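# A structural walkthrough
Below are the chains, spelled out letter by letter.
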Amino acid sequence: MFAQTFRFSDHRPQWNAFQSRVRNAFEPRKPRHRLLRFVLGVVGLGLLALLVMFSVVVGAAMIAVGLAYKLWKRRGQPMAHRGHDIVEGEFRVVDAARLDHRAPTSSTH
């Protein structure tokens, strides 16, 4: 779509002046001076870095508050209902003599 599509001409000069003011307000121009361009670019990058760091700090604070809330909620309760050395499950003990101690080979038949 071309930019000329929405430029309506009108016979009223105040309407055309309003349109040009609105159009100029939303068409940012880069400064012509090289040093000023560079400075504005550095300021933009600095602002971007500041926003990224702020969001990282806010995210870390949210995680820390969530963990603190979770730990606070569980205070006074035992960490586990049973001892830490108990593993529950089905298993069987295999004698060492039954284990095959050969190195694994990748032979194709």
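An account of the accompanying structure is given in this report. (Residues numbered from 1 in each chain as written. Predicted model: local features only at pLDDT ≥ 70, side-chain atom pairs only at ≥ 80, totals over all residues. Heavy atoms only, no water.)

### Points about the overall build of the protein chain
Of regular secondary structure, the protein chain possesses 2 helices and 0 strands. Counting across all 109 residues of the protein chain, residues that qualify as buried make up 2%. Counting only carbon and sulfur atoms, one obtains 65% of the accessible surface of the protein chain, whose full area is about 11600 Å². (Helix = DSSP H or I, 4+ residues; strand = E, 2+ residues; numbered from the N terminus. Buried < 20%, exposed > 50% of the residue type's maximum accessible area, 1.4 Å probe, protein only. Areas by Shrake-Rupley, 256 points an atom, 1.4 Å probe, with all protein chains shown as cover.)

### Re the packing of aromatic side chains
To describe a pair of aromatic rings, you give the distance between the ring centres and the angle between the ring planes. Scanning the model with the defined rule gives 0 aromatic pairs in all. Positioned over the ring face of Trp72 is Arg75, at 4.2 Å from the centre of the ring. (Phe/Tyr/Trp six-rings, centres within 6.5 Å; stacked < 30°, edge-to-face > 60°. Lys NZ or Arg CZ within 6 Å of the ring centre and 35° of its normal.)

### Comments concerning a nonpolar patch on the surface
A cluster of nonpolar side chains, Leu35, Phe38, Val39, Val42 and Val43, forms an exposed patch at the surface whose accessible area comes to about 470 Å². Note that Leu35 resides in helix 2 (residues 34–73). Leu35 gets classed as exposed once you look at its relative accessible area, which sits at 55%. (Patch = residues over 30% accessible without salt bridge, like charges linked within 9 Å, V, L, I, M, F, W, Y side chains within 5 Å. Salt bridge = Lys/Arg side-chain N within 4 Å of Asp/Glu carboxyl O.)

So, to be careful, I would describe these as geometric facts and stop short of saying anything about function.
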